[in-house]
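The residues making up each chain are set out below.
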Amino acid sequence: MRVALGVSGGVAAYKAAELVRQLQREGIDVQVVMTESARQFITPLTFAALTGQKVITEMFDGESGGANVESAIEHIAVAQRIDLLVVAPATANVIAKMARGVADDFLTTLYLATTAPVVVAPAMNVNMWEHAATRENVEALRARGVHVVPPEEGYLACGMTGAGRLASVESIVGAVCARLGIAHDLQEETIVVTAGPTCEDLDPVRFLTNRSSGKMGYALAQAASRRGARVILISGPTRLDPPQGVQFVAVRSTEEMHRAVLEHFPSATALIMAAAVADYRPVSPQTKKIKRANGRLNLELESTPDILADMARGKGNRAIVGFAAETENVAAHARAKLESKQADLIVANDVTADGAGFDHDTNIITLYFRDGSEKAFARMPKIDAAHRILDELRGLRQPVGQAAATRRAR
Ligand code: PMT
């Protein structure tokens, strides 16, 4: 999803930086467009740093003296590229220009040029907000299908009290998500997600582990939380910050992950095992550092508990989703895991493919269902892959035949 965020000049312009972050957490790509007066309140550099993209501030690229054709028609390109335009904060002046079709800068020209849905979050002095001219302009926009997120009442930067304060970032994000069709369809769910690697100690300084970064599991936790689910993220050691709003449980070994899943499983409606769990651990981890000696060192390993299979045995009405990290015969191995672990769904990824598996920001997944059907997806960001997996979740708790019919209908 691509959204253009128009920032116009008001004290609330600084709140647009938090808005960028929250939209990004929804997996939305944000292109910031600033009016000249917005730049009196906050610098384009702040938004460029947050988005990693050039912030559009001018109608024409000053450096090329306007002779650059690309810059001259950029508003058309952006207008066609975006899925939604949100203007926050929207001043009385910008609202008036939008209502009357005045296109004298990039933002107002973009508004005329785009056919994407538009969300406007006004912020201004209470008298300006209540002025008949502003009322008429807002009504004109509403009549045209623009969604207006009304300002809140409270103490205003100008020292007055009343309506005019920019709506909360959460309400603006909610309005954007609703118009983009980003659903909050998992409100009834409590989802346990496992992520990252597990570590099996050989001695106090060495351990067996794998290359999981946690990105896939954290993306699932973030996406599920954004869709309204209560999420318990059980994670092996990673470098990632847990997504906001999730209950986070840090673990290290397979044994610890097993215990944490056992503890939280009873309150869950679904378990998604994206963690790369160690299959083997040393039989006798040493309490003192193993000393170097010439010749070979043989390690005796034993298998770890299969957490997924263990939970599936007592699953009841819960949805059980496992992953299969494969390097060959992906379909056959994934189907075998679906059966041996009694999961409802196996998400297979060929970890040798470009842009898939360990530590990439993207993944290439195929979903294998119990009714024998499968769904393959092209390479996509892990957050998008997470949403595709979550799209299936509720159907997994229906009887197999009914779930297949729901999938066909989608
Ligand atoms: O973390 P990233 O860098 O983003 O990489 C993502 C990923 C490659 C780790 C992820 O997409 C993935 O494939 N996770 C599962 C890795 C794995 O352990 O696959 P497996 O085929 O070995 O295990 C099959 C399933 O059984 C998995 O759901 C696993 O969590 C589970 N399992 C495995 C062993 C064990 N003892 N208990 C388990 O529950």
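See the structure above.
Residues numbered from 1 in each chain as written. Predicted model: local features only at pLDDT ≥ 70, side-chain atom pairs only at ≥ 80, totals over all residues. Heavy atoms only, no water.

## Regarding the overall build of the chain
No. 1: Scanning the chain for helices and strands turns up 16 helices and 21 strands.
No. 2: With the C-alpha coordinates aligned to their principal axes, the bounding extent of the chain is approximately 80 × 55 × 45 Å.
No. 3: Per-residue burial over the chain gives 50% buried out of 410 residues.
No. 4: A separation threshold of at least 6 residues defines the contact pool for the chain, and within that pool the share at least 24 residues apart is 66%.
No. 5: Side chains of the chain give 45 positive and 46 negative charges; the mean places of these two sets differ by 3 Å. (Helix = DSSP H or I, 4+ residues; strand = E, 2+ residues; numbered from the N terminus. Buried < 20%, exposed > 50% of the residue type's maximum accessible area, 1.4 Å probe, protein only. Contact = heavy atoms within 4.5 Å. Lys, Arg positive; Asp, Glu negative; His and termini not counted. Charge placed at Lys NZ, Arg CZ, Asp CG, Glu CD.)

## Digging into helix H13 (residues 330-340)
No. 1: Listed as buried for H13 are Val-330, Ala-334 and Leu-338. Buried positions in H13, seen along its axis, are confined to an arc of 70 degrees and lie on one side of it. Opposite the buried face of H13, by more than 90 degrees, sit the exposed residues Ala-332 and Ser-340.
No. 2: Residues of H13 that are buried make contact with strand E16 (319-326), strand E17 (345-350) and strand E19 (365-369).
No. 3: Directly beyond the C-terminal end of H13, a positive phi value near 55 degrees is found at Gln-342. (Arc of directions from axis to C-beta.)

## Let's talk about the sheet that holds strand E5 (residues 147-148)
No. 1: The 5 strands lie next to each other as E2-E1-E3-E4-E5, forming an open sheet whose pairing is parallel. Both edges of this open sheet fall to strand E2 (29-34) and E5, since each of them pairs with a single strand only.
No. 2: Here strand E4 (residues 118-122) pairs with E5 via 2 bridges, running parallel. Within the sheet, the bridge partner assigned to Val-119 lies in E5 and is His-147.
No. 3: Where helix H2 (residues 44-51) meets the sheet, its contacts fall on strand E1 (2-7) and E2, and the angle it forms with E2 comes to roughly 170 degrees. (Pairing = 2+ DSSP bridges. Axes fitted to C-alpha atoms, helices over the stretch in contact; angles between N-to-C directions.)

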